[in-house]
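# Examining the three-dimensional arrangement
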Amino acid sequence: HGLSGSFYENRFLYRLGERLAADGWGFLTVNTRGHDYIADIMTATGETRCIGGNHELLSESGRDLDAWLTYVKNQLAAETIVLEGHSYGCIKVGQYLVVGRAAGAVKRAILISPPDVWGLERTHCGDPAKFLEQANALLTAGQGSEMVPSEAFVYPIDAAGFADLFGEAQRP
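Conventions we followed
- Residues numbered from 1 in each chain as written.
- Predicted model: local features only at pLDDT ≥ 70, side-chain atom pairs only at ≥ 80, totals over all residues.
- Heavy atoms only, no water.
- Axes fitted to C-alpha atoms, helices over the stretch in contact; angles between N-to-C directions.
- Helix = DSSP H or I, 4+ residues; strand = E, 2+ residues; numbered from the N terminus.
- Parallel < 35°, antiparallel > 145°, perpendicular 65-115°, else oblique.
- Left-handed = near helix turned anticlockwise from the far one by under 90°.
- Contact = heavy atoms within 4.5 Å.
- Nonpolar A, V, L, I, M, F, W, Y, C, P; charged D, E, K, R; others polar.
- 1 Å grid on protein atoms, 1.4 Å probe; cavity = no way out; pocket = protein on both sides within 12 Å on 5 of 7 lines; lining within 4 Å.
- Points joined across faces, edges and corners; volume = space filled by probe spheres on them.
- Phe/Tyr/Trp six-rings, centres within 6.5 Å; stacked < 30°, edge-to-face > 60°.
- Buried < 20%, exposed > 50% of the residue type's maximum accessible area, 1.4 Å probe, protein only.

Attention shifts here to the packing of helix H5 (residues 129-140) against helix H6 (residues 159-166). Running from N to C, H5 and H6 cross one another at 130 degrees; their axes reach a closest spacing of 8 Å. When the interaxial angle is binned, H5 and H6 end up oblique. The way H5 lies across H6 gives a crossing that is left-handed. Between H5 and H6, the contacting residues are Phe 131, Leu 132, Ala 135, Asn 136, Leu 138 and Leu 139 on the first element and Ala 159, Ala 160, Phe 162, Ala 163 and Phe 166 on the second. Partitioned by chemical class, the residues of the contact of H5 with H6 number 10 nonpolar, one polar and no charged.

Space inside the largest pocket adds up to approximately 800 Å³. Lining the largest pocket we find 31 residues, and of these Phe 27, Leu 28, Val 82, Leu 83 and Glu 84 sit closest to its centre. Of the residues forming the lining of the largest pocket, the biggest block, six residues, is contributed by strand S3 (residues 81-86). Along the lines of polarity and charge, the residues of the lining of the largest pocket split into 19 nonpolar, nine polar and three charged.

This next bit is on the packing of aromatic side chains. Within this structure, the stated rule accounts for six aromatic pairs. Seen in terms of ring centroids, Phe 162 and Phe 166 are 4.9 Å apart; in terms of plane orientation they differ by 45 degrees. Their pairing is tilted. With Phe 162 and Phe 166 both in helix H6, this residue pair falls four residues apart, about one helical turn. The residues Phe 162 and Phe 166 share a single accessibility class, namely buried.

Let us now look at the environment of Tyr 8. Examined against the element boundaries, Tyr 8 turns out to sit in the segment before helix H1 (12-22). With near-sequence residues (within four places) excluded, Tyr 8 lies in contact with Tyr 14, Asn 31, His 35 and Asp 36.

And the structure:
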């Protein structure tokens, strides 16, 4: 799913699943840690962590895909895996295919409506560098979960997520 999206709100997924099932394909649609705007999860240590699109780190999205691909291979015994991403999910899938732990298990990728995040940012908000300095200052102060100003990005996002998305490692 895309930024702040979820598998249960994208109606086209129901049709896609029906069509694939009719053609003999298994279909599993899942959430990643960037689902909805804000969500709380329990970590392995028993702590609560606030996640969701507002707090998503692109650099962590591969962990979710690793877990789901492991489940599909080991529990569902899938022989052929096709990974599909929608909107911001396309960026996650593309990154995963390059650096993901189980990327070799993926035989095909489907990218539905991939976004131009940098173009979107420049068109609606200007050069991300003007907000990146502010986001990095919040990170340095240990306040990465603080939201950047609403004019910094077209979606609500925290300093850590903004720096992760528009930092040096992500420059086009």
